[in-house]
Amino acid sequence: MPEPGLSPLQSSLPTAAAHFGAHVLGRAGSVGVEAADAAPSTAPVPAEVAEPEPAPEPVPDLGPVLRGPSGLGTAALSLARSVAPPVVEPPVVAAPAAPADALHIPGLYYHPVVEPDPVRVEELSRRIKDWAMDEVQLYPEEWEGQFDGFSVGKYMVACHPDAPSIEHLMVAARLMVAENAVDDCYCEDHGGSPVGLGGRLLLAHTALDPLHTTAEYQPRWAESLHEDAPRRSYRSAMEYFVRQATPSQADRFRHDMARLHLGYLAEGAWAETDHTPEVWEYLVMRQFNNFRPCPTITDTVGGYELPADLHAQPAMQRVLALAGNACTIVNDLYSYTKELASPGRHLNLPVVLADRENLSDQDGYLKAVEVHNDLMRDFESEAAALAAACPVPSVLRFLRGVAVWVDGNHYWHQTNTFRYSLPDFW
Ligand SMILES: CC(C)=CCC/C(C)=C(\C)COP(=O)(O)OP(=O)(O)O
Ligand SMILES: [Mg+2]
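Residues numbered from 1 in each chain as written. Chains lettered and ligands numbered in written order. Predicted model: local features only at pLDDT ≥ 70, side-chain atom pairs only at ≥ 80, totals over all residues. Heavy atoms only, no water.

In the annotation of an unreviewed UniProt entry, the entry for the protein reads Terpene synthase, and the organism field reads Streptomyces narbonensis. According to its UniProt record, the protein has this under Cofactor (unreviewed entry): "Mg(2+)". Under the heading Catalytic activity (unreviewed entry), UniProt records this for the protein: "(E)-2-methylgeranyl diphosphate + H2O = 2-methylisoborneol + diphosphate". (UniProt positions renumbered as here; feature names shortened; annotations may be inferred.)

**Quick look at the side chain of Q414**
By secondary structure assignment, the location of Q414 is in helix 19 (residues 393–415). Within the local environment of Q414, its side chain forms a polar contact with the side chain of Y110, the two groups lying 3.3 Å apart. Ignoring anything within four residues of it in the chain, the contact list for Q414 reads A98, A102, L103, H104, Y110 and Y334. (Helix = DSSP H or I, 4+ residues; strand = E, 2+ residues; numbered from the N terminus. Polar contact = N/O pair within 3.5 Å; in protein donor to acceptor, adjacent residues only side chain to side chain. Contact = heavy atoms within 4.5 Å.)

**A short note on the packing of aromatic side chains**
What the rule picks out here adds up to 13 aromatic pairs. Following the ring pairs from residue to residue traces out a cluster consisting of F150, Y155, F291, W405, W412 and Y420. Positioned over the ring face of Y186 is R200, at 5.7 Å from the centre of the ring. (Phe/Tyr/Trp six-rings, centres within 6.5 Å; stacked < 30°, edge-to-face > 60°. Lys NZ or Arg CZ within 6 Å of the ring centre and 35° of its normal.)

**Observations concerning unusual backbone geometry**
For Q137, which is not a glycine, the phi torsion comes out positive at approximately 40°. Within the secondary structure, Q137 is located in the loop between helix 4 (118–135) and helix 5 (144–150). On the basis of relative accessibility, which here comes to 42%, the residue Q137 falls in the partly exposed class. We note that N358 has phi near 50°; this positive angle belongs to a residue other than glycine. Along the chain, N358 falls in the loop between helix 17 (349–356) and helix 18 (361–389). (Buried < 20%, exposed > 50% of the residue type's maximum accessible area, 1.4 Å probe, protein only.)

**A word on helix 8 (residues 197–205)**
Of the positions making up helix 8, those classed as buried are L197, L201, A204 and H205. Seen from one end, helix 8 has its buried residues packed into an arc of 105°, which puts them on one side. Tucked inside the fold, the buried residues of helix 8 contact helix 7 (166–187), helix 10 (229–244) and helix 11 (247–272). (Arc of directions from axis to C-beta.)

**Notes on the pattern of salt bridges**
Enumeration according to the criterion identifies 22 salt bridges in this entry. Here R231 makes a salt bridge to E227, at a shortest N to O gap of 3.9 Å. With relative accessibility at 11%, the residue R231 sits in the buried group. Given a relative accessible area of 43%, E227 falls into the partly exposed group. (Salt bridge = Lys/Arg side-chain N within 4 Å of Asp/Glu carboxyl O.)

Listed below in structure tokens is the structure:
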């Protein structure tokens, strides 16, 4: 109900979008337009991480972002095109071919990406390694090869082609490295174990969501954040992130990380008792132990904000869950042989399908490909429906950012032959 004397906000949205609320859309529209036109965040970049002078930043190729993926079957991702005239008429570009030595999963539904800008990849790789070694003492010398082989620079450039600067990419890269450090060192094969995992994760979570307590106990907690590599890296990565993010973006990230830690705990609990969950139970765990915290920072890394009220809409939440699930099942497919070779029994979707549905290893794997493809198609159709129902610039750019992240994530898995290989099922 409008206040007396005030005329109601006029919305150009279809009636179907009425449930988003004119107050939210009115504000979101202005934020989005401003953000889309002036990409860099208003948050100041701290002096110690300022861009080096006078090296010029490579100009990001915004073509893929405006245009979206261009391969067969990518029409559903052309969100802006379906609801509004494009900002510029993009040139028609052929779908890029995957590199010759890339891994190919027959029947997998995915979109090829434009090769990430090699200048950005090199610069980001150099800076992230400096951060890992000099600022957080992340790993002993003998792990250097694994750090390089992870190729976080290539990963983040592929996933965030609209980042306005290398420093924006560093925000994503530090978090990616820190998230993997926690997984490797607390949960998996670099000293991790389900035993005591809850306590370790809880304490590390306070590097993201700080303790507020009395003067007597606060200093001891603050010291604890420097005691191991996972906590050092979470603490530092979060410090940079909150300088770049708005408070609601930081809060969104903390929530997504709490979800992630809950997923780690369920995975650890099942490993401890050697329990194989039902397929749907596994999918629940993997929705939490999930890449979700990475695509959901796409607006911070892009230098704009999807307003909290729009992020919280159930339709947006469904799109984000589907996108995260598609990304994560891609990992289950590409990491299948790595996980078979690791000590103990590592759960992934093909393994759980084979066990719970009495399938051969091969049929379990092939069914997991189908589950992935269904998730991808649901993500794309729900994202397109949301874009049509709520064609606010920040929503469209965010949905495009998530879709590009999904594609970049696939590209990184497909091309990371240092880390992954495929089973001989075809
Ligand atoms: C980057 C991030 C938020 C990671 C969270 C959880 C995670 C490590 C994954 C979803 C990847 O799965 P997994 O642990 O199976 O990774 P690898 O197969 O070892 O590459
Ligand atoms: Mg895996």
